[in-house]
Amino acid sequence: MPGTKRLEEFKKLVTNKFYIYNSLFLNLPYQNIENVGMLIPLLTHQCEKGLQSGQNPQQIMDHFFANYAEISDDQEKIDFMFRIIQYVERQVVLYDSVEDAAFPKLHELSTSRTIKDYFQLVNKTKKWNDISRQLETFSARIVLTAHPTQFYTPAVLDIIEELRQLILEDKINDIDVVLQQLGLTSLINSKKPTPLEEAKNIIYILRNIYYDAVGELYSYIKDNIRKENFENYNILKLGFWPGGDRDGNPFVTAAITKDVADELRITLMKCYYNDLKKLRKKLTFKGLQQPLNHLQDQLYTAMFNVDKFLAYEEIISLLTGIKETLDERYQGLYSKDLEQLMDKVRIFKTHFATLDIRQDHSKHVQLIEATLKNNRFIQDSLSELDDEELTRILLHENLQLKAEDFEDEILQDTIVNIKQLKEIKEKNGEDGCNRYIISNSEDIFSVLFVHALFRWCGYAPGDISFDIVPLFETMVGMERSEAIMNTLFSLPEYQRHLQQRDQKQTMMLGFSDGTKDGGYLKANWSIFKTKETLSKVCSKHGIKALFFDGRGGPPARGGGKTHRFYASQTKEIANNEIQLTIQGQTITSTYGTKDHFIHNSEQLLTAGLSNNLFGKENVISTESRKLLEELSLLSFEKYDALKQHPMFIPYLENRSTLKYYTKANIGSRPGKRGQKAKLELTDLRAISFVGSWSQLKQNVPGYFGIGTALQALAEQGRLKEIKKLYREVPFFEALMLNSMMSLSKCYFELTAYMKDDPEYGPFWQILYDEYLLSKKMLLKISNFKILMENEAVSRESIKIRENIVLPLLVIQQYALHKIGQNNRDKEVYEKIVTRSLYGNINASRNSA
C-alpha cells in the first residue's frame, strides 16, 4: 500500500533523523545548555504524564523544579523557562528542516497528481487539444500577505536552507556547526518590524525561491504541452499585499507603498542582472557583446537608482535582438538558455509581483462624508442623502480632492496614495498595481466610493485602469452580494468601467472573518453558495467572474488541503482563474522551498484542470443541498450561542494568549481594528482570534457546532443521509476532513484544570463537550477508527510537532496562571507568555 510505504519512508527520513540530530542540541552554545538538553526529555515526559493524570501546569512545573531541575529560587526558575523556550524554538527549526529535506522523496510516494501526471493522462486519452486550450487561458494567482505569523528573518531562512541541504547529504559534522550558529542567532525581532521590513522579508523569498521556481514550472509546461507556440505567461501570477494592505494597519502609508513597489522592481532587476551575468559566460560571441553590455549596464543602473527604471518593452526588445543574432549567426547555440530568461521577463515584466491596495470600507465612508461636507452636499452625515442621490453624486459630480483639505492623517494618506498609483504603474508597468480591494463590503457604495475617489483624485473615467474588488467577508456581505453586483452591473458608468477591464469582475471572499462571524460550516457553505450565485449574476450580465479567496493557514481560516478544496467545486462556480492568499508561516511551510513551491503551485493548476478535463463532474443534488443547509443552520445556532455567551470574550481575554499577540514583535499590524477600549468580536483580527484558540490547543473555530449539527440529524434517524453526503459530495468531505485536522491538533488535557475554575469552568466544559461530540460524530460519518485515518504521514508529523512544543505550552499555561495571581514578577511572566507564542506558531505551521 502506498500509504504504508510512505509512512515507513517518513519514519526513516524524518522521525529517525530528527531524533539523531536533536541530540546535537546538547552542544548548543547557551549558558548551562547541557543541563537543559538533558532535562528537556524529562520535562516532556512529566508534562505528558502529569496532564494525563489530571495535574495542572502549576503542579507539573512545581514538581519538576523540585524533583528534577532542583531549582528553588524564583529567578532561576524564570531563567530556566526562558532557556527551555529557546531550546524548543530551535527544535522546531530543526524539525522543519528535516521534514523539508525529506519532501522530494516523500512526494514521489504521494498520490497527489502533478502536471506530469496530467500530461500522462492526456497522452492516454489523446485530449491534447483540450488541455492546451485550458492551459492557454487558465491562471492561478498566489497572493503573498504579511499577516503577523511570518516572522523568520532572511538570516534565519538562510540557516534553515543550509540545514536542509546538509541534512540531504547527511553531513553530521557540518550540521553540528550550523546548529551552533542557529543557537547564537536570534530567531525573533528585537522590535516590531515596519511594513517595509515585512515586505523585504517576503521579497527575499521571491528573489531566492519563486523567481527560479516559476520559471522552471513554466518551462516544463511549455516543453511538454505539445503546442508549438504556448504563450500563457499568466499561468502562474504572484500578488503582493505587504506595503499595499492598509486595512487596520495605520503604519502602511503612501510612502511605504511607493517604497515597496520600488523594492519589488529593483529586486527583479537584480534577478535579471544575475541571470544575464551567468548567460554571458556562454554567449561569448563577438556580435553579441554590444547589446549584452548595453542591457547589463541598463539593468545595473536600474538596480541602484529608484528614479531610473527600464520598461518591459525595452528589456524584451534587447533580448529579442540578441536571440535573432544568435539564431542567424551562431547556429542558435545556447538559444534555449536565452529563451528561459526571456520567458521569465515575459512573466515578471518589471513588477515581479502585483502590489494590491486594500482598505476597509469604513475609511472610505469617512473620506466621502468629509468630502461631501466640504462641498456642501450634506451638513453632517451621509444618511441625509437617499441611495439614488448619493449614487448620482458619486457618478456625475466632478469634485477635486486635495490632501491638505483634510485634518485626519488616514484620509490625507488615502488621497496621496490613490494619486501616486499612476507613478507606480509608470515605473512597474500595468501589472505593477492594478487592483483596489475593499474590506467589509456590504453595499454598492463599497465599490462606488472607490470609483468616485479615483475620479476625484484626477483620473478620467476611462483612465481608471484598476479592478475594484469588493471583499465579502461577513454573513451580511455575502447575503447582500447578489443584489450588490446586480445593481452595479446595471449602472451604465460601471458597465463602461468593466469594458476597460476586459469584462472581468474580481470578487473576494473572506474565509477568516467569515468563519469568525458564522462558524466553520456555515461560513464555508455560505461562501460556496455565494460563488455559485455570483457566477450566475456575472454570466447573466456577460461578465467573466473571477473569485479571489482570502484563505489563511488553518482550516478555521480557509486553509487545509488546497487541492482538495478547489477540486471539490461544482460546475456552477466560475473556474476562469484560481486566486488565493498565502498567509503567515504558510509562506515558508508550504511554499518555502523550490520543491514545495512547484508542487503546491501544480496542485492549484491541476485542481483547476481536474474539474474540466478528468473525473466525475461535481454535482450537488437538491436533496444534498437541503441537507447541507440544515447542517449549516444547526451548526451556526450552536456557534452563535457560544459567541453570545457572556464568558466568550472574557475567556479569550483572561484565559488565552489573545492580548499577547499584539505584544509580540511579529508583525507591524495591530491585533484589532479601531481604538475601542472594550474588546468586541467584530474588531478582533481573525489571525489573533484563531491563533489564540490554537495556543490553547482548543481550535474552536475549526469545528465548533459540527458535532451538534451531525448529532441532531442522527437523532432524527438520518445518519445514513449524512454518510451518503460524506461519500458523494466532495465539498462536504473536504470540510469534514479539514475539521478532523483541527480536532487532531486539540489537546484539552492542557487546560483541563479550568473545569474547576468557578468563573470559567462551565464555559470550558461547553468547549470540551463539543470537541468530544464533534470527534465522535466525524468518526461515525466517515467510518474512521481514528481522526485523519487516511493521512498517516500528516498524523505522524502533527504528533511529533505537538510533542516538541508540549513543554513550551505547559510553561505558557504556568505563566498565565502566575499572571492571573498578580504575581510580583507579573511583567516577566507576561514576557514568557509572549515569547512562548513563536515556537508554537511555527510548530503548527498553519496555526493562524
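Residues numbered from 1 in each chain as written. Predicted model: local features only at pLDDT ≥ 70, side-chain atom pairs only at ≥ 80, totals over all residues. Heavy atoms only, no water.

**Here's the deal with the overall build of the protein**
Stated precisely, the cut-off is as follows: For helices the rule is a DSSP run of H or I covering at least 4 residues; for strands it is a run of E covering at least 2, with both sets numbered from the N terminus onward. Each radius of gyration reported is based on C-alpha atoms, and the globular scaling rule is 2.2 Å times the count of residues to the power 0.38. Per-residue accessibility, obtained with a 1.4 Å probe over protein chains only, is compared with the maximum for each type, and a residue is labelled buried under 20%, exposed over 50%, and partly exposed between these values. The contact criterion used is simple: two residues touch if any of their non-hydrogen atoms lie within 4.5 Å. In short, Shrake-Rupley with a 1.4 Å probe defines the accessible areas, and a residue's cover is counted only from the protein chains shown. Counting rule for charge: Lys and Arg are taken as positive, Asp and Glu as negative, and neither His nor the chain ends is counted. A charge is said to be at NZ when it belongs to Lys, at CZ for Arg, at CG for Asp and at CD for Glu.
On a plain count of helices and strands, the protein comes out with 34 helices and 9 strands. Taking 29 Å as the expected radius of gyration for a compact globule of 848 residues, we find that the protein reaches 28 Å, a close match to that expectation. Expressed as lengths along the three principal axes of its C-alpha atoms, the size of the protein is roughly 80 × 70 × 60 Å. Here the protein holds 848 residues, and 61% of them are scored as buried. The long-range fraction of contacts in the protein, counting pairs at least 24 apart against all pairs at least 6 apart in sequence, stands at 81%. As displayed, the protein offers around 33,500 Å² of accessible surface, 47% of which is attributable to carbon and sulfur atoms. A gap of 4 Å separates the mean positions of the 108 positive and 111 negative side-chain charges of the protein.

**Considering the sheet that holds strand S6 (residues 467–472)**
Which entries qualify depends on this criterion: Only when DSSP finds a minimum of two bridges between them are two strands counted as paired. Helix axes are fitted to C-alpha atoms over the stretch in contact, other axes to C-alpha atoms as well, and angles between N-to-C directions run from 0 to 180 degrees.
Taken together, 9 strands build an open sheet; the order of strands is S3-S2-S1-S9-S8-S7-S6-S5-S4 and the sheet is parallel. Two strands bound the open sheet, and with one partner strand each, they are strand S3 (354–355) and strand S4 (357–360). Contacts from helix H9 (residues 195–224) reach strand S1 (139–144) and strand S2 (236–240) within the one sheet, and its direction differs from that of S2 by about 175°. The strands that helix H17 (residues 445–456) touches are strand S5 (435–439) and S6; relative to S5, the one it contacts most, it runs at about 140°.

**Re the packing of aromatic side chains**
To be explicit about the condition: Any Phe, Tyr or Trp ring, taking Trp's six-membered ring, that has another such ring centre within 6.5 Å forms a pair; planes under 30 degrees apart are called stacked, those over 60 apart edge-to-face, and the others tilted. For a Lys NZ or an Arg CZ to count as sitting over a ring, it must be within 6 Å of the ring centre and within 35 degrees of the ring normal.
As enumerated under the stated definition, the model contains 43 aromatic pairs in all. Ring pairs connect the aromatic residues Phe-64, Phe-65, Tyr-68, Phe-80, Tyr-814 and Tyr-829, which therefore count as one cluster. If you follow Lys-349 out to its NZ or CZ, it ends over the ring of Tyr-312, 5.6 Å from the centre. We note Lys-425 situated over the ring of Phe-466; from NZ or CZ to the ring centre the distance is 4.5 Å.

**Here's the deal with the packing of helix H10 (residues 254–280) against helix H11 (residues 289–304)**
As a reminder, the rule being used: Convention used here: angles under 35 degrees read as roughly parallel, angles over 145 as roughly antiparallel, angles from 65 to 115 as roughly perpendicular, and any remaining angle as oblique. Two helices cross in a left-handed way if the nearer one is turned anticlockwise from the farther one by less than a right angle. They cross in a right-handed way if the turn is clockwise.
The geometry of H10 relative to H11 is characterised by a closest axis approach of 9 Å and an angle of 150° between their N-to-C directions. By the angle class used here, H10 and H11 are roughly antiparallel. Crossing handedness for the pair H10 and H11: left-handed. Where H10 approaches H11, its residues Ile-266, Met-269, Lys-270, Tyr-272, Tyr-273, Leu-276 and Arg-280 are matched on the opposing element by Gln-289, Leu-292, Asn-293, Leu-295, Gln-296, Leu-299, Tyr-300, Ala-302 and Met-303.

**A short note on helix H12 (residues 312–329)**
What counts here: Each helix should span, by expectation, one fewer than its residue count multiplied by 1.5 Å.
Its 18 residues give H12 an end-to-end C-alpha distance of 26 Å, which sits within 8% of 26 Å, the value for a rise of 1.5 Å per residue. Of the positions making up H12, those classed as buried are Tyr-312, Ile-315, Ile-316, Leu-318, Leu-319, Ile-322, Lys-323, Thr-325 and Leu-326. Against H10, H11 and helix H13 (335–348) lie the buried residues of H12. One or two positions beyond H12, positive phi appears at Gln-331, with a value near 55°.

Structural measurements only, silent on function.
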